[in-house]
Amino acid sequence: MTLISFVVPAFRVQGYLRECLDSILGQPVTDIEVIAVDDCSPDASGDIIDEYAARDQRVRSVRLPENVGLGPARNIGLDRAVGEYVWFLDGDDWLVPDCLPEVAERLRATSPDVLLVDHVRAHWNDTVTRSAMAEVFPESPGAGTFRLRDRPEAMHLLHTAWNRLVRREFLVDLGLRFAPGWYEDVSFSYPVLMAAQRIGVLDQVCVNYRQRRAGAITRTRGDRHFEVFPQWHRVFHLMDSWAPTTDGLRSAVFERMIWHYLTVLGNGQRIAPELRPAFFAQITADYERWLPPGGYPVPDGVEGIKHRLVASGRWRTFSALRTASRARDVARRQARTARRRVGPVARRGARLTRDGLLREYYRAELRRPIDPTLAVYAAYWYRGYSCNPAAIYEVARRLAPGVRGVWIVRRDRVETVPDGVEYVVAGTPAYYRVLARARWLINNVNFPDFVRKRPEQVHLQTHHGTPVKVMGLDQQRYPIGAGRMDFAGLLRRVDRWDYSVSANSFSTQMWDRAYPATYTTLEVGYPRNDRLVTAGPDEVRRLRAEFGVGPDEQVVLYAPTHREHLPGYRPPFDPDRFVRALGESGRLLMRSHYFHDRDRRPGRPLDWERVRDVSGHQRVEDLYLVADVLVTDYSSAMFDYAVLDRPIVLYAPDWEAYRLARGVYFDVTAEPPGAVATTFADLLDVFRTDAVRSDTATKARERFRGRFSTLDDGRAAERVVRQVFLGEPGERSSRC
């Protein structure tokens, strides 16, 4: 018999859903099922659910034809559940590893109607805060069960559906369902406790309650927060229908209602200033309507003052006290900041350096009008004309000729700029001027921290690869790989983005969690790969001739990635032995990561006759077109090269160390783009035996392309230009 049915609704949680499902399916308990409900999510949540259902029989996929909301989606999952207990887990939260055995043991030992479990709030900055469990139960309640009237303090635990397991037959017999609308947990969680005859508490953290930086309703302003009132009305109507068994609970429930209303009102991220008087008036109306005849325990201190002001309907006094309290908090923070300052205060009187003067010039330019025709492009920290920005620039010249494109390049990379492309040198007055006045800012990395995005400006972040290694905020969990990364600064830079280009659904999912902000995702394929699709045989022959490659020679491109956590590391690779394994017709092109561009002389040939260092070649797409085979490790090059549908070899000599230290999003050795070698000897054998073109390698590449390359049709740059520069709607639309 199935012990626990997990009901997991999913709506706009594509960046977190895999972690949620993995946390359930990875538990050392087998008698479970997962009913994952795609609530007509406009992102890839439904596809992720189908993927898990296809490979794990414990997962059941439910795809809804229209969006119904969290509460009704849970009801639909409940109707399909067969487990003895139901656990409603949200798609952006996740279980603590190995928590389920103790949960299962407690369920079997005590057979509660409801089992409450502990949780932590897992914040986006990788910090956690404990729940109120220790405050509600200073002494562990033990393994026994109780009724709510015996321990009404249990109502002070967070009123969510996901911190409790409910016996399914008890829930069905009770006839309790989730109501539609926001705050649906209220009219479920409190009635469940009131009706239960056997409540248990497991004093163990089981759930990571994700505190999202963007996208959560608790961080969304609007009038939908008024939906909290009918949810609480439903609680009191149920109490009335269940009387007299609930009579002794009325005052405690009333106190929780007023506490909750004031919590919602006090959150500036929920109730806009113009809506607060009306919200307060509704609190007062509910106070008068539901006040128990015998009163209720009014809290002490400031909270008690708030309750009394609600009772008397004194909004102006309430608002004035709130304003005064906020002013005191601001003054305290300013005082703490002042105490932390060290060194001379008079920075204003310091002598302005050349950089300081240029920054002053930049600030002056910010006060001048935006140039409505100017677009500024940059790539790889000003390393030259390349990547997605270059592809977008070329299409914009054709489709939006009224837009003037200007590139920013380092002084030592000026010679790489093609003829006819306008540019400015980083650090010059012209550089600061175009940054201040451009209508569009296009980059595949972030602009420097000093750049201030003006309201009229549009920031397009193109990125520069599909991620294997973890990125952005996800690096907080891998401090060795993250080094001294400034995550607060990163988020300030991310907040400048208006658009984020994504090569595929997988990238979109990872960017959602790595870079949480309010930008618009353009899931259109990678513009730089358009050329790989559109290049014909003549262009390939021309490029091979430029590289001195004959038509019958086999060209292998070796392109390893950078190890941030291991400066100076190079994978074990002997070019001489490698070309001997290729045979007489083999040629090897070696390309190091762009981070090493100052460690070498661009285009410097190696000493071996059939080996060439192409690290200095500006357009990596040329190298892809020339190469017959790609050898790489954890580089995004594999995703780009897969567009060509040519053999790829994954050479991963340090995979286990890399995934532990740097962190990865998926096991590329288990889902490779072709043949896999974990030692240099294995790599040589792959080529000696022609395993590079085996049926196994070909099928792996087909699966890889099906997952990552479906959007690369040669029109990605056009889609970006039409939406960002010309204001045309995107081709792709949501299904709901």
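Residues numbered from 1 in each chain as written. Predicted model: local features only at pLDDT ≥ 70, side-chain atom pairs only at ≥ 80, totals over all residues. Heavy atoms only, no water.

1. Digging into the overall build of the protein
Of the regular secondary structure elements, the protein holds 27 helices and 22 strands. Against the 2.2 N^0.38 benchmark of 27 Å for 736 residues, the protein shows a C-alpha radius of gyration of 30 Å, consistent with a compact globule. The C-alpha extent of the protein, read off along each of the three principal axes, is 95 × 70 × 50 Å. For the protein, the residues scored as buried account for 56% of the 736 residues in total. Summarising the internal contacts of the protein: among those between residues at least 6 apart in sequence, 74% fall at separations of at least 24. Per element, the accessible surface of the protein, about 32500 Å² overall, is 49% carbon and sulfur. Charge centroids of the protein, computed over 106 positive and 95 negative side chains, lie 7 Å from each other. (Helix = DSSP H or I, 4+ residues; strand = E, 2+ residues; numbered from the N terminus. Rg over C-alpha atoms; globule rule 2.2 N^0.38 Å. Buried < 20%, exposed > 50% of the residue type's maximum accessible area, 1.4 Å probe, protein only. Contact = heavy atoms within 4.5 Å. Areas by Shrake-Rupley, 256 points an atom, 1.4 Å probe, with all protein chains shown as cover. Lys, Arg positive; Asp, Glu negative; His and termini not counted. Charge placed at Lys NZ, Arg CZ, Asp CG, Glu CD.)

2. Looking at empty space enclosed by the protein
Considering all chains together, one arrives at 1 cavity of 30 Å³ or more under this definition. Taken as a whole, the largest cavity holds about 40 Å³ of empty space. Lining the largest cavity are Thr466, Ala503, Asn504, Tyr526, Asn529, Phe639, Asp640, Phe708, Ser709 and Asp712. Considered class by class, the residues forming the lining of the largest cavity number 4 nonpolar, 4 polar and 2 charged. (1 Å grid on protein atoms, 1.4 Å probe; cavity = no way out; pocket = protein on both sides within 12 Å on 5 of 7 lines; lining within 4 Å. Points joined across faces, edges and corners; volume = space filled by probe spheres on them. Nonpolar A, V, L, I, M, F, W, Y, C, P; charged D, E, K, R; others polar.)

3. Examining the pairing of strand 9 (residues 199-211)
Counting buried positions over the 13 residues of strand 9 gives 11, a clear majority of the element. In this structure, strand 5 (residues 94-95) lies alongside strand 9, joined through 2 bridges in antiparallel fashion. Bridge pairing links Leu95 to Val207 in strand 9. As paired strands, strand 6 (residues 114-123) and strand 9 are joined by 10 bridges and run parallel to one another. (Pairing = 2+ DSSP bridges.)

4. Observations concerning the sheet that holds strand 13 (residues 438-443)
If you walk across this open sheet you meet the 7 strands as 12-11-10-13-14-15-16, and the pairing is parallel. The strands lining the two open edges of the sheet, one partner per strand, are strand 12 (423-425) and strand 16 (520-523). Averaged over all pairs of adjacent strands, the angle between strand axes in this sheet comes to 25°, irrespective of strand direction. Relative to strand 11 (residues 404-409), strand 10 (residues 371-378) is paired through 4 bridges, and the arrangement is parallel. Residue Val376 lies in a different strand from strand 11, and its bridge partner there is Val406. The strands that helix 14 (residues 387-399) touches are strand 10, strand 11, strand 13 and strand 14 (458-461); relative to strand 10, the one it contacts most, it runs at about 145°. (Axes fitted to C-alpha atoms, helices over the stretch in contact; angles between N-to-C directions.)

5. Structural notes on helix 27 (residues 716-724)
Because an α-helix completes one turn every 3.6 residues, residues spaced three or four positions apart along the sequence face the same direction. Burial of helix 27 is extensive: 7 of the 9 residues sit out of reach of the surface. Buried residues belonging to helix 27 abut helix 14, strand 13, strand 14, strand 15 (499-502), strand 16 and helix 19 (530-534).

6. Some words on the confidence of the model for the protein
On average, the protein scores 91 in pLDDT, and the residues at 70 or more come to 93%. Note on residues 341-351: pLDDT is under 50 here. Beyond four places in sequence and across chains, it has 0 contacts. A low-confidence stretch, residues 594-605 stays under pLDDT 50, and its non-local contacts, those more than four residues away or across chains, total 23 contacts. (pLDDT = per-residue confidence, 0-100.)

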